[in-house]
Amino acid sequence: MLEHGGNLRQATLRYGRADWLDLSTGINPEWYPAPAIAGNAWHRLPEPDPALVQAAQAYYGAPLMLPVAGTQAAIQALPCLRLPSRVVVAAPSYAEHAHHWAQHGHKLRQVPYDALDAAISECDVMVVVNPNNPTGATVSREKLLDWAAQLSARGGWLVVDEAFGDTALQASVAGGTPDGLIVLRSVGKFFGLAGLRLGFVAAQPALLDALADLLGPWTVSGPAQQVALAALRDTAWQERMRTQLRTSGQRLQSLLAAHGIRSSGSALFQWWPEAHAEAFHEHMARQGIWVRLFTNAARGIRLGLPPDEAGWQRLEHALTLWTKDKQ
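Residues numbered from 1 in each chain as written. Predicted model: local features only at pLDDT ≥ 70, side-chain atom pairs only at ≥ 80, totals over all residues. Heavy atoms only, no water.

Draft legend 1. Summary view of the nonpolar core. Grouped together as the largest cluster of nonpolar side chains are 73 residues, with contacts concentrated most on M126, L158 and F191. Other than its neighbours up to four places away in sequence, M126 contacts V88, L116, A119, I120, W147, L151, W157, L158 and V159. Core analysis: the second largest hydrophobic core is formed by 21 residues, V89, A98, W101 and L208 among them. (Core = buried A, V, L, I, M, F, W, Y, C linked by side-chain atoms within 4.5 Å. Buried < 20%, exposed > 50% of the residue type's maximum accessible area, 1.4 Å probe, protein only. Contact = heavy atoms within 4.5 Å.)

Draft legend 2. Just the side chain of H106, in detail. Position of H106 relative to the elements: it lies in the loop between α4 (95-101) and β4 (107-112). Among the residues examined, H106 registers a relative accessible area of 7% and is labelled buried. Within the local environment of H106, its side chain forms a polar contact with the backbone nitrogen of S85, the two atoms lying 3.0 Å apart. Dropping the residues within four chain positions of it, H106 is found in contact with P79, R82, L83, P84, S85, V87 and W101. (Helix = DSSP H or I, 4+ residues; strand = E, 2+ residues; numbered from the N terminus. Polar contact = N/O pair within 3.5 Å; in protein donor to acceptor, adjacent residues only side chain to side chain.)

Draft legend 3. Examining the sheet that holds strand β10 (residues 269-272) more closely. On the basis of which strands lie adjacent, the open sheet formed by four strands has the order β9-β10-β13-β12 and antiparallel pairing. Across the chains shown, the open sheet's two edge strands, defined by having one partner strand only, are β9 (264-265) and β12 (292-294). Pairing geometry for β12 and strand β13 (residues 300-304), over three bridges, is antiparallel. Directly across from R292, in β13, lies its bridge partner R302. (Pairing = 2+ DSSP bridges.)

Draft legend 4. The arrangement of unusual backbone geometry in detail. Here A91 and P92 are connected by a cis peptide whose omega angle stands at -5°. Here N130 and P131 are connected by a cis peptide whose omega angle stands at -5°. Although it is not a glycine, T177 adopts a positive phi angle of roughly 35°. With respect to the helices and strands, the residue T177 is situated in the loop between β6 (157-161) and β7 (181-186). We note that W218 has phi near 60°; this positive angle belongs to a residue other than glycine.

Next comes the structure, spelled out in structure tokens:
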């Protein structure tokens, strides 16, 4: 099993403390206030609510979408829908993509973002996380649509994971999804509802039908559908949150810069190639702060946003101690 952020049970077992400031996930620390759930949501089989699909299509600007039990479900299922293919996964990126495309007879290559243009002619499927997790790197909408057209012309796919796309609307390619383009969107990151296990896939009807058949019926719970419907329709909360997250993201980048760390990222997290990644991770853990350590393709540290002012002060204190220890 691959390692992910948010693994606080592991942190507690290792360090023997429970008072963690968890900055390891990049999930919005201010989650959408879930409305009261109708009682029958717990009783009825969760058949898909057309209103939820319509709200998602309006929010993401996509003509057709399929609700899934988190984009993880689609990431695991999509490789099963193709015969063995030449697959390029942009690297570094969310490790689950490469993990699952490496199975089912596919021939996998992981290619750096700056070499994807050259790789497009040598693959049948390309997977791009945009904005990237963990680095925050982005590929322009125009470039992605060009790649999708090239792949589609020979029966290929471009899979674009926009899990962190809610604060980078200008880069989204969900609105249109021509043949060969598959876009993944997550309710968990921006809305802070990772426990809901809900995402959406935008693609052409035939592919969505095949994906739905593979995943089976009742994939999204009734309570999840009700909460997500309210969140997707709440434009006032969405606009306020985008402004708030951009401000917080800039604050985090500035705080790191004040301690000699040049980072990049998104409104929800910052990342940098830390030369002493293990030591930094250990230092922060000793301060009760759980951060995301990367030691493979993306060797570095990712930090999410603190949830409150006390969290910001705690992070600043830990960074000050780290800077002093290095001097």
